Amino acid sequence: MKNSALKGALGALVVVGVALAAKKIAQRKRFMKGIFNEYGIKEKSPFGLADKIREMDEEQYQELKGKFKKEFASRCCKRNHTAETTTEA
């Protein structure tokens, strides 16, 4: 009886994990589609994006770079840097 309950609980966790992963993949796919549409990139591949980046001036490139950093930044391991820099007497 214990084994079947444990298997059921683990199965439920797996289903939730797969659902969360699928949601994250869909969000990132929508973000990339928006970038391709915003910058008028016809070729929907990394090569098309690279070609467009080569054509950009520095200001446009920094704007695009900021968007990518914001979207793909890791949110799991952020530390409070102000607490680390303060010292006690």
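Details of the structure are given in the entry above.
In this text, all values refer to a predicted model and were calculated from it rather than measured experimentally.

Quick notes on the rules
Residues numbered from 1 in each chain as written. Predicted model: local features only at pLDDT ≥ 70, side-chain atom pairs only at ≥ 80, totals over all residues. Heavy atoms only, no water. Helix = DSSP H or I, 4+ residues; strand = E, 2+ residues; numbered from the N terminus. Contact = heavy atoms within 4.5 Å. Areas by Shrake-Rupley, 256 points an atom, 1.4 Å probe, with all protein chains shown as cover. Core = buried A, V, L, I, M, F, W, Y, C linked by side-chain atoms within 4.5 Å. Buried < 20%, exposed > 50% of the residue type's maximum accessible area, 1.4 Å probe, protein only. Salt bridge = Lys/Arg side-chain N within 4 Å of Asp/Glu carboxyl O.

J.: Describe the overall build of the protein, naming the residues involved and giving the relevant values.
T.: Counting its secondary structure elements, the protein contains four helices and zero strands. Going from the N terminus to the C terminus, the protein shows its helices and strands as α-α-α-α. Partitioning the contacts of the protein with sequence separation of at least 6, the portion at a separation of at least 24 is 50%. Split by element, the accessible area of the protein, about 7800 Å² in all, is 61% carbon and sulfur.

J.: Provide a residue-level description of the nonpolar core, including the pertinent values.
T.: Listed in full, the nine residues of the largest apolar core are F31, I35, F36, Y39, I41, L49, M56, L64 and F68. If you list the elements that add at least two residues to this core, you get α1 (2–38) and α3 (58–72). No other element matches the three residues that α1 contributes to this core. Ignoring anything within four residues of it in the chain, the contact list for F31 reads K67, F68, E71 and F72.

J.: Hey, could you go over the pattern of salt bridges for me, with residue numbers and the actual values?
T.: Scanning all chains against the criterion turns up three salt bridges. For the salt bridge of E38 with K67, the shortest nitrogen-to-oxygen distance reads 2.4 Å. Here E38 is found in helix α1, whereas its partner K67 is found in helix α3, with 29 residues between them in sequence. Since its relative accessible area comes to 48%, E38 is described here as partly exposed. Residues D51 and R54 are paired through a salt bridge, measuring 2.6 Å at the closest nitrogen-oxygen approach. With a gap of three residues between them, D51 and R54 both fall in helix α2 (residues 46–55), about one helical turn apart.

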